[in-house]
Amino acid sequence: MRKVPPQSSIGSGVIPLQFNVHDLGELTTHCIRCGFCLEACPTFTETGSELESPRGRIYLVRSALDGKLDWQDDVRPHLDRCLGCRACETACPSGVKYGAILEMARDRLENERRNISKQALLASTAKPGLLRTQLALSRLLPGRRVPGFVSQLVSGTSPEADLPNPQPLPNYPPLDESTLPPVRGEVYLLEGCAMRVLYPGVHLALRRLLRRVGFVVREAPTQGCCGSIYAHNGDLDEANRLATKLAAALPGDLPVIVDSAGCGSWMKESIFADRAFDASEFLLAEGLANVLNTARFEKTLTYHDACHLAHGQGIRSAPRELLSAIPALKMVELPEADTCCGSAGIYNITQPKMARSLLERKFANIESTDAEIVALGNPGCHAWIAQAAREHGGQVRVMHTLEVLEQALNPA
Ligand code: SF4
Ligand code: SF4
């Protein structure tokens, strides 16, 4: 696991992004057009169109930079249909930084012409209070889907995504301090936006798991959005502004533990690069697998790789190792485990048809495993795959990896 840097290198006001916007042209030159990424790209495999492939999109960006194509008319529709899943980065033998190319190209598109509906959607998602109010008000409308007028505004078509239901807090018994190791350190926990509103039980599980390996959470009540949703949707200035503001709310050099793959992926590119850790990598490194030897969870489980965990952060084995440490838990590998489910941040609202196709493909793979539970590590995937589970009869339960681990340590 990466070392936590000294405080002096953090919060300097200079955001150590890996790239800056002037690198866009240079980054596109690394693509040698070999096509090894094509079969890894969900939008290419769904459409068969070169323009919906990583290679095609890089070519479009390159051509627009050279003045041969129009950014808005020729490039935007194809970048809008990109999931930002970064499966192409994993597949690329030349190390092309497609995620950075996409973020910078989208930033350029939005700076040239703002998509007001999308900006409003981002703003309402990135503020927990507003998100809560909006969900409550939307429930007054008929149906369980995202309101039709919102879908028409951002996608021009009818919605596919249900409004997510905030999850109730689980009723865990108090931790027995006499059985816990001494406290040996503090960490911050990223509360986030969607996670805080929709999945507070995941944060609770994380706090308990951290304590089980000797860490406690230093409270930081003023923390807000990390900026990831803006970084992934074409507003790098706002993303960096929010990351800088968050750094002020999480002072010092304590590790920041993240249980949302999309947030963690962005934080590792941002001012938090040296001190953001996905919960699974931190807990594994701190010995949770040994604690899980006493757990009980006699279920069959499969694991879905969230794109921003597997492709964005290169984290595949840590969640699997932790889950495999639970005695009697039967793990079944999921076909196409690291193929995007179509949720992709706000993609299932802005591109509902493609998102639906990918969801059905994902759920067919899940059903093929006969697993009772699918575990994952990202709120967008959680809500979207849970919707498919409901629509397909409710036989499969969707859980965050941390919920599985903590539940296994609290057998009924
Ligand atoms: S992005 Fe990588 S894998 Fe895809 S065509 Fe370019 S060099 Fe080849
Ligand atoms: S990020 Fe995903 S959808 Fe976009 S080009 Fe790469 S593989 Fe395809």
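Since this is a predicted model, take the numbers as computed values, not measurements.

Further remarks concern the overall build of the protein. When helices and strands are counted, the protein shows 22 helices and eight strands. Principal-axis analysis of the C-alpha atoms gives the protein an extent of 70 × 55 × 45 Å. Within the protein, the proportion of its 412 residues that are buried is 56%. Across the protein, the fraction of contacts at a sequence separation of at least 24, relative to all contacts at a separation of at least 6, is 75%. Surface exposure of the protein reaches about 17000 Å², of which carbon and sulfur atoms provide 54%. Of the charged side chains in the protein, 43 are positive and 46 negative, and the gap between their average positions amounts to 3 Å.

Tracing the backbone shows His-311 in the loop between α17 (307-310) and α18 (317-324). Look at His-311 and you get buried, because its relative accessible area is 9%. Looking at His-311, its side chain comes within polar contact range of the side chain of Thr-90, at 2.6 Å. A polar contact of 2.9 Å, which involves the side chain of His-311, links it to the backbone oxygen of Asp-338. Setting aside residues no more than four positions away along its own chain, His-311 makes contact with Cys-85, Arg-86, Ala-87, Thr-90, Arg-316 and Asp-338.

Another point: the pairing of strand β7 (residues 373-376). Of the two faces of β7, both are covered, the one formed by Ile-373 and Ala-375 as well as the one formed by Val-374 and Leu-376. Relative to β7, strand β5 (residues 300-303) runs parallel, the two sharing three bridges. Its bridge partner lying in β7, Thr-302 is registered against Val-374. Pairing between β7 and strand β8 (residues 397-400): four bridges, direction parallel.

All right, on to the site of ligand 2 then. Taken together, the neighbourhood of ligand 2 is formed by 13 residues, with Cys-41, Cys-82, Cys-85, Arg-86 and Cys-88 sitting nearest. For the shell around ligand 2, the secondary-structure elements that each account for two or more residues are α2 (42-47), α3 (54-65) and α5 (87-91). Here the shell around ligand 2 is composed, by residue class, of nine nonpolar, two polar and two charged.

It is worth spelling out the pattern of salt bridges at this point. With the rule as written, the count across this model stands at 31 salt bridges. Its salt-bridge partner being Lys-118, residue Glu-110 comes within 3.7 Å of it at the nearest N-O pair. We classify Glu-110 as buried; its relative accessible area is 2%. Here Glu-406 makes a salt bridge to Arg-212, at a shortest N to O gap of 2.8 Å. Taken together, the residues Glu-406 in helix α22 (residues 401-408) and Arg-212 in helix α11 (residues 200-212) connect sequence positions 194 residues apart. Across the pair, exposure class does not vary: Glu-406 and Arg-212 are buried alike.

Rules and cut-offs
- Residues numbered from 1 in each chain as written.
- Chains lettered and ligands numbered in written order.
- Predicted model: local features only at pLDDT ≥ 70, side-chain atom pairs only at ≥ 80, totals over all residues.
- Heavy atoms only, no water.
- Helix = DSSP H or I, 4+ residues; strand = E, 2+ residues; numbered from the N terminus.
- Buried < 20%, exposed > 50% of the residue type's maximum accessible area, 1.4 Å probe, protein only.
- Contact = heavy atoms within 4.5 Å.
- Areas by Shrake-Rupley, 256 points an atom, 1.4 Å probe, with all protein chains shown as cover.
- Lys, Arg positive; Asp, Glu negative; His and termini not counted.
- Charge placed at Lys NZ, Arg CZ, Asp CG, Glu CD.
- Polar contact = N/O pair within 3.5 Å; in protein donor to acceptor, adjacent residues only side chain to side chain.
- Pairing = 2+ DSSP bridges.
- Near = heavy atom within 4 Å.
- Nonpolar A, V, L, I, M, F, W, Y, C, P; charged D, E, K, R; others polar.
- Salt bridge = Lys/Arg side-chain N within 4 Å of Asp/Glu carboxyl O.

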